[in-house]
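Chain by chain, the residues:
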Amino acid sequence: MTKPLKQIHLAAHFPGVNNTTVWSDPRAGSHIEFSSFAHLARTAERAKFDFFFLAEGLRLREQRGRIYDLDVVGRPDTFTVLAALAAVTDHLGLAGTINSTFNEPYEVARQFATLDHLSGGRAAWNVVTSWDAFTGENFRRGGFLPQEARYERARTFLRTACELFDSWHGDEIAADKQAGVFLADPRPGRFSHHDAHFDISGQFDVPRSPQGRPVIFQAGDSDEGREFAASSADAIFSRHGTLADGQAFYADVKGRLARYGRTPDQLLILPAATFVLADTDAEAADLAHDVRLQQVSGATAIAFLEQLWNRDLSGYDPDGPLPEIDPDVGEHTIARGRASVRMHRDPLATARDWRAKAAAENLSIRELIVAVTGRQSFIGSASTVAADIDKLVQADASDGFILVPHITPGGLDEFADKVVPLLQERGVFRTEYEGSTLRANLGLEPLPGKAVPVQSGFSRAAS
Amino acid sequence: MHLSVALDGAGWHPAAWREPRARPADLLTAGYWTDLVTEAERGLLDFVTFEDGLSLQSSRFGEPDQRTDQVRGRLDAVLIAARVAPLTRHVGLIPTAVVTHTEPFHISKAIATLDYVSEGRAGLRVKVSRTPHEAAHFGRRTFPPLSLADRGTPAAAQELADAFDEAADYVQVVRQLWDSWEDDAEIRDGATGRFIDIGKLHYIDFSGRWFSVKGPSITPRPPQGQPVVAALAHASVPYQLVARSADIGFVTPHDSAHARQIVSEIRGAQQHAGRADEPLHVFGDLVVFLGTDAAAARRRKERLDDLAGAVYTSDALVFTGTAAELADLLLAWQQAGLAGFRLRPGAIPDDLEAITRDLVPELQRRGAFRRAYEAPDLRALLGLSRPANRYATLAEDPA
């Protein structure tokens, strides 16, 4: 007996400020104008996607002490765009990345509760954390937070926000004109939270929203991040999109749920993914290579190399060999405002590997960077891509994907028109939205009128 | 004449939600706010403002109450404005933001983004908070209890001056961030691979008593360049904030002579702030209860007062009467130097519709109000030009 087919969850990630986004393409539109956001969101909704996703960065990136200008620069405010998108969509979830370091729980909770009201229950929050003083220079708080305290802050922030979401139970507003009773409770929204991070109390001012609270996403990949997700998140935005890597991550994270009294279907695992479509697999492979060259110009290749080397390599020829000097393993100073530099955990070893690969395959700097950074996840004809996506999901490498088109705003159109119908034919993707809230479309149980508090036993379990 | 309405819940009278046509169960829905703003746009109004605060509404001065007979609970005003923006085309959208507990960096990009999603119709009304209970929601600063009896003591005066000085710094940062990208900073130069010209992005390097902000903004300069900044003011210290920082000041005169006196004080402060040449509109705020005849309007307000158990009073003049009588008053006050008005509907939708469907045609008949929207954005609607970028001017200076 075969197990029942899993239903795939799909999301559209608005192209971001990374080199994945090919802004030089003649079809590339604005990254700021609302029409671009509306186009992608409407395409995603037409294709019955689960949700739309926005990333966030609160300071423009710098490299070699200058604002980094090779990728798209600039983005609008997350909450404001999502609230506006609620006006031009009816079913699509609206997921925003919001930082827990440079915000306060009361304000973020009222913004998400408001978004959930104004979208009729479609809000989601990707909870991220940062510690860097570089970003902190834009905020009242500055850069006070030690790196090791950032998950503690994120956990506490989320727990506190959830206390605010849950401070209204959903039955306080009577609005009885005849009796003259607007509120059934004279003191709704009471909260009191006191710990090392937040010392707050009073009454929350946004009544309970349709979903109770936004769907919670988490994107961290470290052991702490995985544990945080297992304890508190509804979905993980992961980087593990290949079969073996995805299966390992999937098994690891789903395996952590039981200790929080949760079941595997209560946490979705959604890797980020890119795609290149063409009429045939061979044409798609060619096109994918062209896209990679657009994504990695000579200047971009040098910039990538500098992010590993932590040195100014502007004197090197991107079409020449790799530097013979070793990376500077001291404090990272070359690239700022870029979380990805932390992924280079052993720069010396990585540099050795890259040199060996370049020597063995006779690769220039640019060719090497094209080879070692982010090949597209799905390349092929629509039927190949549909089959590959389905295979990964059915093999428990993921529960679906967050797709990042490389062209703004039309980069999802072809996927919507060609791949989605094939997934629907396979019986693994919805043809109509199942519910009215994002939680319902993600297959997550509705929260009770008074939600179960977010697990607070995390610190003990993680230590 | 410029005309706007101040939207707040079911209207400004505490019993407005009990009116037959009120929709108290819809106050947290997008449809409710869309209907109100659409109605304002139907009346060709310059803009709507959205009230907000970082605590439950209260009938008490500076502290929460425990009343159950009035509207309590609300939504974030910036997000309401964003939610209605794609569904309207002409009317300006001016949400309220509390400056005391929020980040100027966040609000600057939020209003810039509102300007993008509304295609040039965004504004920002700044408001200060000095109540201990709002501060306790954030836990980062404390303020002594407010009491009317303490008004005028040196300590209270210092608190007030600090609150508004911080607001002025806040607006300064918000405005500098709006200018931190020059209009043509995005170049998409395929030849060099550069998406922007970094010479046209600017660190603002603001450092003040309450915060420091580096910049530049993450959001490019908004369509209007500088969205419209407004503040409500009742006394000299807030008048100075209006004079230093705002494009529009909302004031609360009791009569024409008082209006003249307030305008004169603001103009003086404007000169003192070195802004004498910059356009600054002073709008009169009034709470309005309108009826087909004066007695009907008065009876309606009295009925609401009975329901509320108290005679409604306000910081602003409470007007009851006909649309024609209101038009008389507005025209007289306009003569005193007010550029326009922000009308607070006593009850929604009745008084909002009376404004858009009775008052506006009355003013049009008198040649005092537009018959169509003809301006491309809110600044233009208000007769404000698009300001040059402060940093672009510096860049052109060869020194």
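Computed from a predicted model, the values in this text were never measured in an experiment. (Residues numbered from 1 in each chain as written. Chains lettered and ligands numbered in written order. Predicted model: local features only at pLDDT ≥ 70, side-chain atom pairs only at ≥ 80, totals over all residues. Heavy atoms only, no water.)

Further remarks concern the side chain of D71(A). Along the chain, D71(A) turns up in the loop between β4 (66-67) and α2 (78-88). Taking the relative accessible area as the measure of exposure, D71(A) reaches 4% and is therefore buried. One polar contact links the side chain of D71(A) to the main-chain amide nitrogen of N19(A), over a distance of 3.4 Å. Excluding residues that lie within four positions of it along the chain, D71(A) makes contacts with V17(A), N18(A), N19(A), W23(A), R338(A) and F195(B). (Helix = DSSP H or I, 4+ residues; strand = E, 2+ residues; numbered from the N terminus. Buried < 20%, exposed > 50% of the residue type's maximum accessible area, 1.4 Å probe, protein only. Polar contact = N/O pair within 3.5 Å; in protein donor to acceptor, adjacent residues only side chain to side chain. Contact = heavy atoms within 4.5 Å.)

Across the contact, 74 residues belong to chain A and 80 residues belong to chain B. For the chain A and chain B pair, buried surface summed over both sides reaches about 6,300 Å², with 62% attributable to carbon and sulfur atoms. Sorting the residues of chain A by area buried against chain B places R140(A), K177(A) and F182(A) first, and these three jointly supply 14% of that buried surface. For the pair chain A and chain B, the number of links is six salt bridges. Of the charged contacts, one joins E104(A) and R140(B) as a salt bridge, the two residues approaching to 3.3 Å between their closest N and O atoms. Linking chain A to chain B there are 35 residue pairs in polar contact (both at pLDDT 80 or more). Considering only residue class, the side of chain A that touches chain B consists of 37 nonpolar, 16 polar and 21 charged. (Buried area = accessible area lost by both parts, 1.4 Å probe. Salt bridge = Lys/Arg side-chain N within 4 Å of Asp/Glu carboxyl O. Nonpolar A, V, L, I, M, F, W, Y, C, P; charged D, E, K, R; others polar.)

With that settled, the discussion passes to the domain arrangement of chain A. Residue and element names in this part refer to chain A. Domain boundaries assigned for chain A yield domain 1 (9-171 + 186-278 + 379-462) and domain 2 (297-372). Between the C-alpha centres of domain 1 and domain 2 there is a distance of 30 Å. Each partner contributes residues to the interface: domain 1 has 13 residues there, and domain 2 has 16 residues. Both faces considered, domain 1 and domain 2 share a buried interface measuring about 1,400 Å² in area, 46% of it formed by carbon and sulfur atoms. Contact with domain 2 buries area across many residues of domain 1, yet R61, Q63 and R64 alone supply 40% of it, more than any other trio. There are three salt bridges connecting domain 1 and domain 2. For E306, the salt bridge is made with R64, and the minimal N-O distance between the two is 2.7 Å. Of the residues assigned to the side of domain 1 that touches domain 2, the class counts are four nonpolar, three polar and six charged. (Domains from an automatic or database assignment.)

Residue and element names in this part refer to chain B. Helix α10 (residues 350-365) packs onto helix α1 (residues 30-42) with a crossing angle of 20 degrees between their chain directions and a minimal axis gap of 8 Å. Comparing their axes, α10 and α1 come out roughly parallel. Every pair of crossing elements has a handedness; the one defined by α1 and α10 is left-handed. Together, L36, E39, A40 and R42 of α1 and L352, E353, T356 and R357 of α10 make up the contact between the two elements. Of the residues contributing to the contact of α1 with α10, the split by class is three nonpolar, one polar and four charged. (Axes fitted to C-alpha atoms, helices over the stretch in contact; angles between N-to-C directions. Parallel < 35°, antiparallel > 145°, perpendicular 65-115°, else oblique. Left-handed = near helix turned anticlockwise from the far one by under 90°.)

Next up on the list: the environment of R386(B). All names here are of chain B. Looking at the secondary structure, you find R386 in the loop between α11 (378-381) and α12 (390-396). A relative accessible area of 40% means that R386 is categorised as partly exposed. Separated by 205 residues in sequence, R386 and W181 have C-alpha atoms that sit 15 Å apart. In this view, R386 contacts D183, R221, P222, P223, Q224, G225 and R379; residues no more than four positions away in its chain are not counted.

Residue and element names in this part refer to chain B. In this sheet, strand β6 (residues 194-196) lies alongside strand β5 (residues 186-189) in antiparallel orientation, the contact comprising two bridges. Along β6, the bridge assignment pairs E186 with I196. Taking the residues that link successive antiparallel strands as the turn, the β5-β6 hairpin has four residues, and the phi of G193 there is positive, at about 75 degrees. (Pairing = 2+ DSSP bridges.)

Looking now at a negative patch on the surface. On the surface, D279(A), E283(A), D286(A) and D290(A) cluster together into a patch of negative charge. Position of D286(A) among the secondary structure elements: in helix α8 (residues 281-295). (Patch = residues over 30% accessible without salt bridge, like charges linked within 9 Å, V, L, I, M, F, W, Y side chains within 5 Å. Areas by Shrake-Rupley, 256 points an atom, 1.4 Å probe, with all protein chains shown as cover. Lys, Arg positive; Asp, Glu negative; His and termini not counted. Charge placed at Lys NZ, Arg CZ, Asp CG, Glu CD.)

So, on to the confidence of the model for chain B. Taken over all residues, the pLDDT of chain B has a mean of 96, while the share at 70 or more is 98%. Taken element by element, the predicted model of chain B shows its lowest mean pLDDT in α12(B) (73) and its highest in strand β2 (residues 47-50) of chain B (99). (pLDDT = per-residue confidence, 0-100.)

Residue and element names in this part refer to chain A. One can find A149 in the loop between α4 (133-136) and α5 (150-165). Classification of A149 as buried rests on a relative accessible area of 18%. Residues A149 and F53, 96 residues apart in the sequence, show an inter-C-alpha distance of 27 Å.

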